[in-house]
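The residues making up each chain are set out below.
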Amino acid sequence: MSNSLAVKEVDSLQTDTKGQTVRKRLIPLWLLIPALVAILISFIIPLIVLIRMSFNETGPGTTLIPAWSLQTYVQAVGDPYYWKVIFNTLKLGIVVSVITIILSYPIALFLTKTTSKWKGFLFALAIGPLLTSQIARTFGWIAILGNEGAVNSVLLKVGLIDTPLQLSNNFAGTVVALVEVLMPYALLGMVSGFSRVSTELELAAGVLGANPLVRFWRITLPLSLPGVFTGFLLVFVLTISSFVTPHLLGGGRVHVLATEIYDEATQTLNWPLAASLAVILLILFGVLVSVYQTLTKKLG
C-alpha cells in the first residue's frame, strides 16, 4: 500500500514538474504576443492589402475593378519608361551609397578607435543631424544649391562663373542632399559593425614592420568590411525608398520608384499600378538583403 502511494506521489511530482516546464516555455510566447499583434496590424495586413491591390484592374475614369489580373505588372515590366524609373532608382541608390560610405568611413573608424574622453560627445555630434527633420534639411539644400543660393552667389561674386550653375532640380543636387541626410545612418551602421577592428592587431603588425598603409589594407579594412556592408545596405535601402528629397530637390525631373508610386496614387489615381510598383520596390529590397546575407556569410 505504501509503495503504491509513493508511486502516486512520484507521478504527481513528475506531472507538476512537466506542467511547470511547459508553463515556463510558454511565458516567452505570451510575452511575444503584443509585438506579434503590432507587426500583424502595422505591417503584415497592410502588405497583404497592398499585394491584393496590385492584382486589381483600372477601368474607364480611373475606376477600380476588383480582379486577379497581372495587367499592372505587365504594364510596369513592359513599358520602357518604368524600366528607366527602376534604373534611375538603382543608380541613385548606388551612387548615394558609395559616396556616403566613402565620406563616412574615416569618421566611423575614428569614432571606433578613439579613446578620447570626448568620444561620446563626438558621436552625438556626428548623429546630431537626425534631430532635424529630413524635410527641413532638404529645404536647406534647396536654399544652398538654388540658382540664387549660397553656392551660386559666392561663385558669382568671386567671378568664377558668369551664370548660375544648375545645382538643383537635377540628379546631382538630389545626390548631394541625400548624402548629407543619410551620413548619420551610415555612421550608425558602420560603428556598430566595427567591433571586429582590433587596435592590438594593428600594433602587432606595426611591431613586425608593417607600415600604416599595409596595416590598413591587410588588417583594418578586411575586419571592417561587415560594418561597411551594413552601412551600405542601410543607406541603399533608405535611398531607393526616399521620396521627400528626390521630389523636392529633383524638381519633377528625377523619376524614381518612390515618386512614381506617389504620382500614380495621387495624380493619375491608378492605385493598382502604384501597388505593383511598390511590390517591385519590395522585391528589390528582398534581393538586396539576400545579397547582403551572402556577403556577410562569406566574410564570416
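Remember, it's a predicted structure, so these values are computed and weren't measured experimentally.

Trainee: What's the story with the overall build of the chain in this structure? I'm lost.
Mentor: Helices and strands together make up the secondary structure of the chain, namely 12 helices and two strands. Each helix and strand of the chain, placed in order from N terminus to C terminus, yields the pattern α-β-β-α-α-α-α-α-α-α-α-α-α-α. Over its C-alpha trace the chain gives a radius of gyration of 27 Å, far above what one expects of a compact globule, namely 19 Å for 300 residues. Seen through its principal axes, the chain has C-alpha atoms that stretch 110 × 75 × 35 Å. Burial status across the chain gives 32% buried among its 300 residues. Taking contacts inside the chain between residues at least 6 apart in sequence as the whole, the part at least 24 apart equals 68%. As displayed, the chain offers around 18,000 Å² of accessible surface, 71% of which is attributable to carbon and sulfur atoms. Where the 19 positive side-chain charges of the chain centre and where its 13 negative ones centre are 11 Å apart.

Trainee: Whenever I open this one, the environment of Pro28 confuses me. Can you help?
Mentor: With respect to the helices and strands, Pro28 occurs in helix H1 (residues 2-54). Sequence separation between Pro28 and Leu131 is 103 residues; the distance between their C-alpha atoms is 35 Å.

Trainee: In this structure, what is going on with the side chain of Thr138? I would like to understand it.
Mentor: Take Thr138: it is sitting in helix H5 (residues 134-145). Owing to a relative accessible area of 0%, Thr138 belongs among the buried residues under this scheme. At 3.1 Å, the side chain of Thr138 forms a polar contact with the side chain of Thr245. Those residues in contact with Thr138 that lie beyond four places of it in its chain are Val244, Thr245, Leu248 and Leu249.

Trainee: How should the packing of aromatic side chains be read in this particular structure?
Mentor: Two numbers describe a pair of aromatic rings. These are the distance of the centres and the angle of the planes. Applying the stated criterion across every chain yields a total of seven aromatic pairs. Measuring from centroid to centroid gives 5.6 Å for Phe55 and Trp68, while their planes differ by 40°, and the two rings are tilted. Separated by 13 residues along the polypeptide, Phe55 in the loop between H1 and strand S1 (57-58) and Trp68 in the loop between strand S2 (64-65) and helix H2 (71-78) bring together distant segments of the chain. Note on Phe232 and Phe236: the rings are 6.0 Å apart at their centroids and 15° apart in plane angle, and the pair reads as stacked. Of this pair, Phe232 and Phe236 both sit in helix H9 (residues 212-240), four residues apart, roughly one helical turn. Against the face of Trp68 rests Arg52, its NZ or CZ located 4.0 Å from the ring centre.

Trainee: In this structure, what is going on with the side chain of Asn88? I would like to understand it.
Mentor: With respect to the helices and strands, the residue Asn88 is situated in helix H3 (residues 80-113). At 3.5 Å, the side chain of Asn88 and the backbone oxygen of His255 are in polar contact. Leaving out residues up to four positions away in the same chain, Asn88 has contacts with His255 and Val256.

Trainee: Explanation requested: the packing of H3 against helix H7 (residues 171-193) in the structure shown.
Mentor: Between two packed helices, both the angle of their axes relative to each other and the distance between the axes serve to describe the pair. Relative to each other, H3 and H7 sit at 40°, their axes nearing to 7 Å. Overall, the two elements H3 and H7 adopt an arrangement that is oblique. Note that H3 runs across H7; the crossing there is right-handed. Looking at the contact of H3 with H7, its residues break down into 19 nonpolar, four polar and one charged.

Trainee: Quick question: what am I supposed to make of H2 here?
Mentor: Residue pairs three or four apart in sequence face the same way in an α-helix, which turns once every 3.6 residues. Every buried residue of H2 is accounted for by Thr72, Tyr73 and Ala76. Buried positions in H2, seen along its axis, are confined to an arc of 100° and lie on one side of it. Exposed side of H2, more than 90 degrees from the buried face: Val74 and Gly78 are the residues found there.

Trainee: What is the right way to look at the packing of helix H8 (residues 199-207) against H9 in this model?
Mentor: Two elements in contact, H8 and H9, have axes separated by 10 Å at closest approach and are oriented at 165°. On the basis of their axis angle, the class for H8 and H9 is roughly antiparallel. Note on packing geometry: the crossing formed by H8 with H9 is right-handed. Taking contact as the criterion, the partners of Leu201, Glu202, Ala205 and Gly206 in H8 are, on H9, Arg215, Ile219, Thr220 and Leu223. For the contact of H8 with H9, the residue count by class is four nonpolar, two polar and two charged.

Trainee: I tried to follow the environment of Leu282 on my own but got confused; where do I start?
Mentor: Here Leu282 lies in helix H12 (residues 271-299). The class of Leu282 is partly exposed, set by a relative accessible area of 34%. For Leu282 and Leu47, which are 235 residues apart along the polypeptide, the C-alpha to C-alpha distance reads 9.9 Å.

Trainee: Quick question: what am I supposed to make of the nonpolar core here?
Mentor: Most often, soluble globular proteins have nonpolar side chains that are buried together. Judged by nonpolar contacts, the single largest core of 26 residues is most densely connected at Leu92, Val96, Tyr105, Met190, Phe194 and Val228. Of all the secondary-structure elements, those providing two or more residues to this core are H3, H7 and H9. If you tally residues by element for this core, the top one is H7, at nine residues. Apart from the residues lying within four places of it in its own chain, the contact partners of Val96 are Val175, Leu178, Val179, Leu182, Val235 and Thr239. In terms of nonpolar packing, the next biggest core, distinct from the first, is built from 18 residues, Leu233, Ile261, Ala274 and Leu277 among them.

Here is what the cut-offs are and how they apply
- Residues numbered from 1 in each chain as written.
- Predicted model: local features only at pLDDT ≥ 70, side-chain atom pairs only at ≥ 80, totals over all residues.
- Heavy atoms only, no water.
- Helix = DSSP H or I, 4+ residues; strand = E, 2+ residues; numbered from the N terminus.
- Rg over C-alpha atoms; globule rule 2.2 N^0.38 Å.
- Buried < 20%, exposed > 50% of the residue type's maximum accessible area, 1.4 Å probe, protein only.
- Contact = heavy atoms within 4.5 Å.
- Areas by Shrake-Rupley, 256 points an atom, 1.4 Å probe, with all protein chains shown as cover.
- Lys, Arg positive; Asp, Glu negative; His and termini not counted.
- Charge placed at Lys NZ, Arg CZ, Asp CG, Glu CD.
- Polar contact = N/O pair within 3.5 Å; in protein donor to acceptor, adjacent residues only side chain to side chain.
- Phe/Tyr/Trp six-rings, centres within 6.5 Å; stacked < 30°, edge-to-face > 60°.
- Lys NZ or Arg CZ within 6 Å of the ring centre and 35° of its normal.
- Axes fitted to C-alpha atoms, helices over the stretch in contact; angles between N-to-C directions.
- Parallel < 35°, antiparallel > 145°, perpendicular 65-115°, else oblique.
- Left-handed = near helix turned anticlockwise from the far one by under 90°.
- Nonpolar A, V, L, I, M, F, W, Y, C, P; charged D, E, K, R; others polar.
- Arc of directions from axis to C-beta.
- Core = buried A, V, L, I, M, F, W, Y, C linked by side-chain atoms within 4.5 Å.

Function-wise, these values are silent; they only describe arrangement.
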